[in-house]
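What the coordinates show
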Amino acid sequence: MFSATCVAPVNMALVKYWGKRNEELILPINDSISMTLDANEMSAKTTVAASESFKQNRMWLNGEVVPFEENARLMRCLEGVQRLALANGDIKFPLSWKLHIASYNNFPTAAGLASSAAGYACLVYTLARLYEIPMNEQLTTIARQGSGSACRSLHGGFVQWHRGAADDGSDSFAEQLVTAEHWPNMHMLILVVNDARKKTGSTKGMQLAVKTSTLIQHRAKEIVPRRIKELRTAIQERDFKAFAEITMKDSNQLHAIALDTYPPCVYMNDVSHAIVNFVHDYNESVGSVQAAYTFDAGPNGCIYVQAENVPRLLAAIQVAFPNDAQQSVEYLKGIPVPPVELSKVATNGSAGHVNPKNMLKYIIHTKIGEGPRQLSDEKSLLIDGLPLLK
């Protein structure tokens, strides 16, 4: 039996991917840029094992059996990696050997926290390690066919997914713009409002938007190219103010398109809008732009903030969004944050407004991170081809 175990990170988009020009190949109507998050806080972990004794392909996700050969996206990823393996030659075992795959997310699935991106990136990367294929651009085009944003999770730091123009998708790939070391003090606070499965999935939401929104094509053709250029400059110059403005405007526009879709797709809720108001008032209170929100297809707020400003911002969040469990390790997860005196917390406007208790389920503190990595055999999720997780 041969096996490989890897972890892959979540990425959070700054300029959003929303809408496809080809559903089967998952080709986007616009470029996008994301920041890869540290896998220590949020990641997918996958083990792939191949054995002559396996009778059929099998897969487990978070300990539950899931379809394998009936999953067209999974099969496209597997077949794509196997084609690369054939092209590379020197395969350790026959490609006809069946596979057992176990995957586990250490954060909620399908809740608007990019679980599918991490999951498919991890799947493709682990398959590549199993077949001894080095990291290359082609792997990002394969991961894209599992979940579009997965191509961005194959790189660390800041990453651009190129829309491409070719009908076969060969030029729609992910490129690392800079490594995590370029802006090492870029952090994120994720305010989890609801970690349940969302009502309208991203795939359906995008399909409806492309069919019915009158705004989406204008965004793709006119707005996004300019924002991509401006954001690349802001990242290169580590200009947080410009970075923040572009990020928040693009998040707002994504959700405007969701509402322009017919029937509308509503991903944000009242707590999400309270987070938006809080961030704008907080920046005004401190006299500079220190926080930037973004919302993917879900109600959870992701706030970009530089490391030196995390303690004060978190303290202000805990004042504005009180929670009975906020002293618990189950409420504030991830990187530890030193406490701040309340006298130093901004209290002007809604930055000082106290919302009803328990509007947030929990908070995750993370930071910019690297791409996928392989783990030792001792970290495997499979023993004798069967999952450890039940």
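Residues numbered from 1 in each chain as written. Predicted model: local features only at pLDDT ≥ 70, side-chain atom pairs only at ≥ 80, totals over all residues. Heavy atoms only, no water.

Some words on the domain arrangement of the protein chain
We note that the domain assignment places domain 1 (2–180 + 373–387) and domain 2 (186–367) within the protein chain. Here the C-alpha centroids of domain 1 and domain 2 sit 27 Å apart. Contacts between the two partners involve 33 residues from domain 1, matched on the other side by 48 residues from domain 2. Of the roughly 3,500 Å² buried between domain 1 and domain 2, counting both surfaces, carbon and sulfur atoms make up 69%. Three residues, Leu14, Lys16 and Trp18, lead the burial of domain 1 against domain 2; their summed loss comes to 24% of the area buried on that side. Linking domain 1 to domain 2 there are 1 salt bridge. One salt bridge in this structure joins Asp296 and Lys16, with 2.5 Å as the shortest N-O distance. On inspection of domain 1 and its partner domain 2, the count reaches 9 residue pairs in polar contact (both at pLDDT 80 or more). Breaking the side of domain 1 that touches domain 2 down by element, the ones donating at least two residues are β2 (11–15), β5 (32–36), β10 (158–161) and β11 (174–178). Grouping the constituent residues of the side of domain 1 that touches domain 2 by class yields 18 nonpolar, 7 polar and 8 charged. (Domains from an automatic or database assignment. Contact = heavy atoms within 4.5 Å. Buried area = accessible area lost by both parts, 1.4 Å probe. Salt bridge = Lys/Arg side-chain N within 4 Å of Asp/Glu carboxyl O. Polar contact = N/O pair within 3.5 Å; in protein donor to acceptor, adjacent residues only side chain to side chain. Helix = DSSP H or I, 4+ residues; strand = E, 2+ residues; numbered from the N terminus. Nonpolar A, V, L, I, M, F, W, Y, C, P; charged D, E, K, R; others polar.)

Some words on the state of the cysteines
The tally for this structure, following the rule as stated, stands at 0 disulfides. Free of any disulfide, Cys151 has its nearest neighbouring cysteine sulfur in Cys77, separated by 11 Å. According to the relative accessible area criterion, Cys151 is buried, its value standing at 0%. (Disulfide = S-S within 2.5 Å. Buried < 20%, exposed > 50% of the residue type's maximum accessible area, 1.4 Å probe, protein only.)

Some thoughts on the sheet that holds β2
Reading across from one edge, β2-β5-β10-β11 is the order of the 4 strands in this open sheet, with antiparallel pairing throughout. Single-partner strands in this sheet number two, and they are β2 and β11. Sheet twist, expressed as the average angle between the axes of neighbouring strands with direction ignored, equals 35 degrees. Pairing analysis gives 4 bridges linking β10 to β11, with the strands arranged antiparallel. By the bridge assignment, Gln160 is partnered in β11 with Glu175. Strand contacts of helix α6 (residues 240–260): β2 and β10, with the helix running at about 95 degrees to β2, the strand carrying the most contacts. (Pairing = 2+ DSSP bridges. Axes fitted to C-alpha atoms, helices over the stretch in contact; angles between N-to-C directions.)

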